[in-house]
Amino acid sequence: MIWPVRGTVLSDFAKNGKGLDIGAAAGSVVVSAGAGEVIFVGSGVKGYGQLVIVRHTPTLVTAYGHNSKIVVQTGDKVKAGQKIAESGNTEAERPMLRFEVRDTPPSVRIEAETRTTGPTGVEMEAIIAAQTAAAVIYDMCKAVQRDIVISRVRLLFKDGGRSGAFHAKPLD
């Protein structure tokens, strides 16, 4: 990856929890940090102003916020170092670029195995397992300070499981 704009680092991930804030003169050229496809262009994400998001691999994306002018469109293929925008101060106090690198691991399936005997019954165990899974997901969101969207939920029945056992498996 290459540096996306000439400027000075104003704030890093440790300070703002999101990425790098790079101070740059208004209108400075913003380039893609790597080859990829533009998957988002617009101002619909609060706190980022005019935003460009580029996907480099199935899990790796870079985000470029607070631009004054965007010169690419969703679906465009870009090369490393190609101009994608000009820095600005949309939703920022001064001209800057908010630069983020996000590498999201592949989706996983969480399975809860329940036993069919015991004083609480399978229904109560399923409720407890679902509550435990929800608590784990909430803790993950809190740790990364991001929302996690669960697009598919599938409850599986298995014989002979042990109460409270959870497994993570890649989605098919």
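Described in the following lines is the structure provided in the data block. Quick caveat: nothing in here was measured; it's all calculated off a predicted structure.

### As for unusual backbone geometry
- For H66, which is not a glycine, the phi torsion comes out positive at approximately 70°.
- Structurally, the position occupied by H66 is in strand β6 (residues 60–70).
- We classify H66 as buried; its relative accessible area is 3%.
- One non-glycine residue, E91, adopts positive backbone phi at about 60°.
- Along the chain, E91 turns up in the loop between β8 (83–87) and β9 (96–103).
- For E91, a relative accessible area of 48% gives the class partly exposed.

### Notes on the packing of aromatic side chains
- In the structure shown here, the tally under the stated rule is one aromatic pair.
- With a centroid separation of 5.4 Å and 45° between ring planes, the pair formed by Y64 and F99 is classed as tilted. Separated by 35 residues along the polypeptide, Y64 in strand β6 and F99 in strand β9 bring together distant segments of the chain.
- Judged by its relative accessible area of 0%, Y64 is buried.
- Owing to a relative accessible area of 8%, F99 belongs among the buried residues under this scheme.

What counts, and where the lines are drawn
- Residues numbered from 1 in each chain as written.
- Predicted model: local features only at pLDDT ≥ 70, side-chain atom pairs only at ≥ 80, totals over all residues.
- Heavy atoms only, no water.
- Helix = DSSP H or I, 4+ residues; strand = E, 2+ residues; numbered from the N terminus.
- Buried < 20%, exposed > 50% of the residue type's maximum accessible area, 1.4 Å probe, protein only.
- Phe/Tyr/Trp six-rings, centres within 6.5 Å; stacked < 30°, edge-to-face > 60°.

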